[in-house]
Amino acid sequence: MMTDRPIVVAGAGAIGCFVGGQLAASGRRVALLVRPRVKTEIERFGLRLTGFDGSEKKLGAGQLALSEDPAIFHSAGIVLVTVKSADTADIADQIAQHAPEDAVIVSLQNGIGNVAVLRERLGSRRVLAGMVPFNVIAMGEGRFHRSTSGDIHVGEDAENTAAALSAAGLTVRASGDITGVQWGKLIINLNNALSALSDLPLAAQLASRDWRRLFADQMAEGLAVLKAAGIAPVSATPIPMNWTPTLLRLPDVIFNAILGRTMKIDPEARSSMWQDLKQGRKTEIGYLQGAVIALAEQNHVDVPLMRRIVALIREAEAAGNGPPRLTPQQIRGMA
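Reading the values: rules and limits
Residues numbered from 1 in each chain as written. Predicted model: local features only at pLDDT ≥ 70, side-chain atom pairs only at ≥ 80, totals over all residues. Heavy atoms only, no water. Phe/Tyr/Trp six-rings, centres within 6.5 Å; stacked < 30°, edge-to-face > 60°. Helix = DSSP H or I, 4+ residues; strand = E, 2+ residues; numbered from the N terminus. Buried < 20%, exposed > 50% of the residue type's maximum accessible area, 1.4 Å probe, protein only. Lys NZ or Arg CZ within 6 Å of the ring centre and 35° of its normal. Contact = heavy atoms within 4.5 Å. Core = buried A, V, L, I, M, F, W, Y, C linked by side-chain atoms within 4.5 Å. Pairing = 2+ DSSP bridges. Axes fitted to C-alpha atoms, helices over the stretch in contact; angles between N-to-C directions. Salt bridge = Lys/Arg side-chain N within 4 Å of Asp/Glu carboxyl O. Parallel < 35°, antiparallel > 145°, perpendicular 65-115°, else oblique. Left-handed = near helix turned anticlockwise from the far one by under 90°. Nonpolar A, V, L, I, M, F, W, Y, C, P; charged D, E, K, R; others polar. 1 Å grid on protein atoms, 1.4 Å probe; cavity = no way out; pocket = protein on both sides within 12 Å on 5 of 7 lines; lining within 4 Å. Points joined across faces, edges and corners; volume = space filled by probe spheres on them.

J.: Pulling in residues and values, what's your account of the packing of aromatic side chains?
T.: Per the stated rule, a full pass over the model turns up one aromatic pair. On the numbers, 5.9 Å between centres and 65° between planes, the contact of Phe18 with Phe134 is edge-to-face. Here Phe18 is found in helix 1 (residues 14-25), whereas its partner Phe134 is found in the loop between strand 8 (127-131) and strand 9 (136-140), with 116 residues between them in sequence. In terms of burial, Phe18 and Phe134 fall into one category: buried. In this structure, Arg146 packs its charged tip against the face of Phe134, placed 3.9 Å from the ring centre. Cation over ring: Arg270 sits above Trp274, and NZ or CZ is 4.5 Å from the ring centre.

So, in structure tokens, the structure goes:
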């Protein structure tokens, strides 16, 4: 592994700044390809990384390289792709133009189609799939807050890229079934849309049985599609994926006891889709629910709840008024 060359984060938003910051804090050479607003913010305030567990790290702007110019890829040993799925093709073209041929490209994006896009546009370069299970919230003034638990997974390779990326406060594990891991994350990420439509923190949603039942019903649709397609999703927790809808429907006391042993969630954790609606941006609904719906059509599986949720997110995007604060009954079309 090219430890003497920098790790470059391509499209450093919340996840990219947090991951890049953790790597820089551990002494790695890190460069961030950022938007002008983020560059200005970090130059002014530095980078502050906080976590649900009370952890905190502070870095000065001089501890990592910041640039709006993709020429920053020129000496990269590893490129971490963290852009939104809709921007994957564009960032791939920039990497192809500027990064060395032997740079390892790692996708740390939502969804399951980004690696195929990267490989198509990057030719012979080595591209690895990855999965980030936790949420990061951009709090402003250079602060990026990790609000849920979990370890990053990266497809295993002979050079053990996962180990090269693992650092204090950022565990990265090699996976022999990264496709299954990505589908497992996608099924969990179906809740991003419910978080966005509700305008509730994730913890508050999970504390409500009505919301959990809605999540369970949507997840059950997704799992039925994967079963029909012959795809086995891998759970990011000790709980098998196929058990999760049943557990979500349990009474509050039992569910909360199980959740507390398997996952840590900050009381104010929000989904990235909630952040998108809040800031008037297009969401990744087409790469999450949309990917499952496309697979459902190929395998003749009906997913009416998922289709309704997509329609509601599209309505909220078009309205531009932020999260619409719907109830579970409104989402189901019962109120």
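Anyway, onward from the coordinates.
J.: Describe in detail helix 13 (residues 289-298), supporting the description with residues and values.
T.: For helix 13, every residue scored as buried is listed here: Gln289, Ala291, Val292, Ile293, Leu295 and Ala296. Looking at the buried positions of helix 13, the neighbouring elements they touch are helix 6 (178-189), helix 7 (191-198), helix 9 (209-229) and helix 14 (304-319). Trailing helix 13 by a residue or two, His300 shows a phi angle of about 55°, which is positive.

J.: Residue-level account of the nonpolar core, with values.
T.: Membership of the largest hydrophobic core comes to 42 residues, with the highest contact counts inside it found for Ile313 and Ile331. Every element with two or more residues in this core is listed here: helix 6, helix 7, helix 9, helix 11 (252-262), helix 12 (272-278), helix 13 and helix 14. Looking at which element gives the most residues to this core, the answer is helix 9, with eight residues. Beyond its immediate stretch of four places on either side in the chain, Ile313 contacts Ala193, Ala196, Leu197, Met273, Leu277, Thr283 and Ile285. Listed in part, the 36 residues of the second largest apolar core include Ala12, Val19, Val30 and Leu49.

J.: Break down the pairing of strand 11 (residues 152-155) for me, with residues and values.
T.: Along strand 11, one buried face is formed by Ile152 and Val154 and the opposite face, lined by His153 and Gly155, is buried too. Where strand 8 meets strand 11, two bridges bridge the pair, whose relative direction is antiparallel. Bridge pairing in strand 11 links Met131 to His153.

J.: Quick one: what's the story with the sheet that holds strand 9, residue by residue and with numbers?
T.: The strands making up a sheet are joined through hydrogen bonds of the backbone, oriented either antiparallel or parallel. Judged by pairing direction, the sheet is mixed, and its four strands sit side by side in the order 4-3-10-9 without closing on themselves. Two strands close off the open sheet at either side, each with one partner strand: strand 4 (56-59) and strand 9. Mean inter-strand twist for the sheet, computed between neighbouring axes without regard to direction, equals 20°. One ladder, built from four bridges, connects strand 9 with strand 10 (residues 143-146); its direction is antiparallel. Bridge pairing in strand 10 places Val136 opposite Arg146. Docked against the sheet, helix 1 engages strand 3 (47-51), strand 4, strand 9 and strand 10, running at close to 100° with respect to strand 3.

J.: I'd love a proper account of the sheet that holds strand 5 (residues 65-67), names of residues and values included.
T.: Here eight strands make up an open sheet; going across it, the order is 5-2-1-6-7-8-11-12 and the pairing mixed. Two strands lie at the open edges of the sheet, namely strand 5 and strand 12 (172-175), each paired on one side alone. Strand-to-strand twist of the sheet, defined as the mean angle between neighbouring strand axes without regard to direction, takes the value 25°. In this fold helix 1 packs onto strand 1 (7-10), strand 2 (30-33), strand 6 (78-81) and strand 11, with an angle of close to 165° to the strand it touches most, strand 2.

J.: Describe the pattern of salt bridges, and please don't skip the residues or the numbers.
T.: All told, the structure shown has 21 salt bridges when counted by the stated rule. One salt bridge in this structure joins Arg5 and Asp102, with 2.9 Å as the shortest N-O distance. One end of the pair, Arg5, is in the segment before strand 1; the other, Asp102, is in the loop between helix 3 (88-98) and strand 7 (104-107), with 97 residues separating them in the sequence. Where Lys39 meets Glu43, a salt bridge forms, and the shortest distance between an N and an O atom there is 2.7 Å. On the criterion of helical spacing, the pair formed by Lys39 and Glu43 is a turn pair, its members being four residues apart in helix 2 (residues 36-45). With relative accessibility at 19%, the residue Lys39 sits in the buried group. The exposure class of Glu43 is partly exposed, given its relative accessible area of 44%. Salt bridges sharing partners connect three or more residues here, namely Asp199, Glu268, Arg270 and Arg325.

J.: Explain the packing of helix 6 against helix 9 residue by residue, including any values.
T.: Their axes nearest at 9 Å, the elements helix 6 and helix 9 cross at an angle of 150°. Judged by the angle between their axes, helix 6 and helix 9 are roughly antiparallel. When the axes of helix 6 and helix 9 are compared, the crossing they make is right-handed. Contacts from Trp183, Ile187 and Ile188 of helix 6 reach helix 9 at Phe215, Met219, Gly222, Leu223 and Leu226. Here the contact of helix 6 with helix 9 is built from residues that sort into seven nonpolar, one polar and no charged.

J.: Describe the layout of surface pockets, listing the residues and the values that go with them.
T.: As a volume, the largest pocket reaches approximately 1200 Å³. What lines the largest pocket is a set of 47 residues, and nearest its centre among them are Gly11, Gly13, Thr82, Val83 and Lys84. When residues of the lining of the largest pocket are traced back to their parent elements, those giving at least two are helix 1, helix 2, helix 3, strand 9, helix 6 and helix 12. The element that contributes the greatest number of residues to the lining of the largest pocket is helix 2, accounting for four residues. Along the lines of polarity and charge, the residues of the lining of the largest pocket split into 18 nonpolar, 17 polar and 12 charged. Taken as a whole, the second largest pocket holds about 740 Å³ of empty space. In terms of lining residues, the second largest pocket is bounded by 35 residues, among which Ile188, Ala236, Thr237, Leu259 and Met263 are the most central.

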